[in-house]
Amino acid sequence: MTGSTPRQGGTERRRGDDMTDSLGSDPITGRRRGVAAAGKTSRVRMSAAQRREQLISIARQIFAERGFDATSIEEVASRAKVSKPVVYEHFGGKEGLYAVVVDREVRSLLDRITTALTAGHPRELLEQAALTLLTYIEEETSGFRVLVRESPLMSATGNFSSVMNDVAHQVEHILGAEFSSRGYDPKLAELYAQALVGMVALTGRWWLEVRRPPKETVAAHLVNLAWNGLSHLEAKPGLITLRGR
């Protein structure tokens, strides 16, 4: 029995490598407990998937703060407390990391807006689109900043403009039917859809910086301008400045 005691104590010390030990002296060795264990548990080992998510989250924040050009792999690694090769292993480089961040934001914003556009009435549709975009800006400010920042890597299918184009196409189908029922040329629905969505998008970028008035008020005024304008459309509008020529 006496010979087995040190081995049991050694086993407990090895177990203590992965858990926090209570402070005090080991009756066998006389050493302070918890010192070695605390040192080894100060950094929690992440799985590959967890590390990847951590790097994406950190990079998203830095890209939002500084933009693509001013962001470095060194800073991403430093904030994550890992070496640069770890970042390269997951994403291949800054371009790959940026592409993942942007793709996620594009899908997130588009999913939000697509899910929100459930109304059949054009006015309610405008309200939903405006309020959803402003809510995204409010809740996911860093993500929105990433999307609207210019970057040499932005593609036609992976930026804020691409999201707004997708939304405009959805609005176009609803406006087309509305135009036909009111005697307007349905072929112009695409033009009006782009104009309406563009108005909301540009106002959203302005509201990103000022954050006043409240988003509900901003959405209401956007809809007021858009809807009352749509309600009094001229069948064949012309430019006053060209009438005398």
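Residues numbered from 1 in each chain as written. Predicted model: local features only at pLDDT ≥ 70, side-chain atom pairs only at ≥ 80, totals over all residues. Heavy atoms only, no water.

**Focus: the overall build of the chain**
The number of helices and strands found in the chain is 11 helices and two strands. Along the chain, helices (α) and strands (β) appear in the sequence α-β-β-α-α-α-α-α-α-α-α-α-α when read from the amino end. Put simply, the chain has 245 residues, and 37% of those count as buried. Residue pairs in contact within the chain that sit at least 24 positions apart in sequence constitute 60% of those at least 6 positions apart. As displayed, the chain offers around 14800 Å² of accessible surface, 53% of which is attributable to carbon and sulfur atoms. (Helix = DSSP H or I, 4+ residues; strand = E, 2+ residues; numbered from the N terminus. Buried < 20%, exposed > 50% of the residue type's maximum accessible area, 1.4 Å probe, protein only. Contact = heavy atoms within 4.5 Å. Areas by Shrake-Rupley, 256 points an atom, 1.4 Å probe, with all protein chains shown as cover.)

**Side note on the UniProt feature "DNA-binding region" (unreviewed entry) in the chain**
Feature annotation in UniProt assigns "DNA-binding region" (unreviewed entry) to the following positions: residues 72-91. Helix makes up 80% of residues 72-91 and strand 0%. Its end C-alpha atoms lie 13 Å apart. (UniProt positions renumbered as here; feature names shortened; annotations may be inferred.)

**Considering the side chain of Gln54**
Structurally, the position occupied by Gln54 is in helix α3 (residues 48-70). Within polar-contact distance, the side chain of Gln54 engages the side chain of Arg51 at 2.6 Å. With residues up to four places along the chain from it excluded, the contact list for Gln54 reads Met46 and Ala80. (Polar contact = N/O pair within 3.5 Å; in protein donor to acceptor, adjacent residues only side chain to side chain.)

**So, the packing of helix α7 (residues 122-139) against helix α11 (residues 215-231)**
Helices that pack against each other are described as a pair by the angle of their axes relative to one another and the distance between those axes. Contact pair α7 / α11: the axes reach a minimum separation of 9 Å and the direction vectors enclose 150 degrees. It follows that α7 is roughly antiparallel to α11 by the angle criterion. The handedness of the crossing between α7 and α11 comes out as right-handed. Contacts from Pro122, Arg123, Leu126, Glu127, Ala130, Leu131, Leu134, Thr135 and Glu138 of α7 reach α11 at Lys215, Glu216, Val218, Ala219, Leu222, Val223, Ala226, Trp227 and Leu230. When grouped by side-chain class, the residues that make up the contact of α7 with α11 number 12 nonpolar, one polar and five charged. (Axes fitted to C-alpha atoms, helices over the stretch in contact; angles between N-to-C directions. Parallel < 35°, antiparallel > 145°, perpendicular 65-115°, else oblique. Left-handed = near helix turned anticlockwise from the far one by under 90°. Nonpolar A, V, L, I, M, F, W, Y, C, P; charged D, E, K, R; others polar.)

**A word on the packing of aromatic side chains**
For the structure on display, the rule yields seven aromatic pairs. Taking 6.2 Å as the distance between ring centres and 15 degrees as the angle between the ring planes, the aromatic pair formed by Phe63 and Phe68 counts as stacked. Comparing Phe63 with Phe68 shows no difference in burial state: the two are buried. Ring geometry for Phe179 against Tyr184: centres 5.7 Å apart, planes inclined by 70 degrees, an arrangement best described as edge-to-face. For the residue pair Phe179 and Tyr184, the accessibility class agrees, reading buried in each case. Among the aromatic side chains, those forming a connected cluster through ring pairs are Phe63, Phe68 and Tyr98. Lying across the ring of Phe68, Lys94 places its NZ or CZ 4.3 Å from the centre. Arg211 extends its terminal NZ or CZ atom over the ring of Trp207, reaching a point 5.4 Å from the ring centre. (Phe/Tyr/Trp six-rings, centres within 6.5 Å; stacked < 30°, edge-to-face > 60°. Lys NZ or Arg CZ within 6 Å of the ring centre and 35° of its normal.)

**Overview of the pattern of salt bridges**
Counted under the stated rule, the structure contains 14 salt bridges. As a salt-bridge pair, Arg66 and Glu75 come within 3.2 Å of each other at their nearest N and O atoms. A salt bridge links Arg145 to Glu209, with the nearest nitrogen and oxygen atoms 3.0 Å apart. Here Arg145 is found in helix α8 (residues 141-148), whereas its partner Glu209 is found in helix α10 (residues 189-210), with 64 residues between them in sequence. (Salt bridge = Lys/Arg side-chain N within 4 Å of Asp/Glu carboxyl O.)

**Quick word on the confidence of the model for the chain**
Per-chain confidence: the chain averages 81 in pLDDT, with 78% of residues scoring 70 or above. Every residue in residues 1-25 is under pLDDT 50, and counting partners more than four places away or in other chains gives 28 contacts. The low-confidence segment residues 34-41, where pLDDT is below 50, has 13 contacts with residues more than four positions distant or belonging to other chains. (pLDDT = per-residue confidence, 0-100.)

**Points about the environment of Ala219**
With respect to the helices and strands, the residue Ala219 is situated in helix α11. Here Ala219 falls in the buried class, since its relative accessible area comes to 6%. Taking the C-alpha atoms as reference, Ala219 lies 9.5 Å from Thr203; in sequence the two are 16 residues apart. Those residues in contact with Ala219, other than ones at most four positions away along the chain, are Ala130, Leu131 and Leu134.

**Some words on the nonpolar core**
A general tendency of soluble globular proteins is for nonpolar side chains to be buried together. Ranked by size, the top nonpolar core spans 61 residues in total, and within it Val87, Leu109, Phe160 and Met164 carry the most contacts. Every residue in contact with Phe160, bar those within four places of it in the chain, is listed here: Leu109, Leu133, Phe144, Leu147, Val148, Ala201 and Arg205. (Core = buried A, V, L, I, M, F, W, Y, C linked by side-chain atoms within 4.5 Å.)

**A few points about empty space enclosed by the protein**
Where empty space is left can be seen by rolling a probe of water-molecule size over the atoms. Counted according to the given criterion, the structure contains four cavities of 30 Å³ or more. Looking at the largest cavity, its volume works out to about 100 Å³. Sorting the residues of the lining of the largest cavity by element identifies α7, α9 (160-182) and α10 as the ones contributing at least two each. Looking at the lining of the largest cavity, the element that brings in the most residues is α7, giving four residues. Partitioned by chemical class, the residues of the lining of the largest cavity number 11 nonpolar, no polar and no charged. Here the second largest cavity defines a volume of roughly 80 Å³. Every residue along the wall of the second largest cavity is listed here: Pro122, Leu175, Glu178, Phe179, Arg182, Tyr184, Trp227, Leu230, Ser231 and Leu233. Residue assignment for the lining of the second largest cavity shows that the elements contributing at least two residues are α9 and α11. (1 Å grid on protein atoms, 1.4 Å probe; cavity = no way out; pocket = protein on both sides within 12 Å on 5 of 7 lines; lining within 4 Å. Points joined across faces, edges and corners; volume = space filled by probe spheres on them.)

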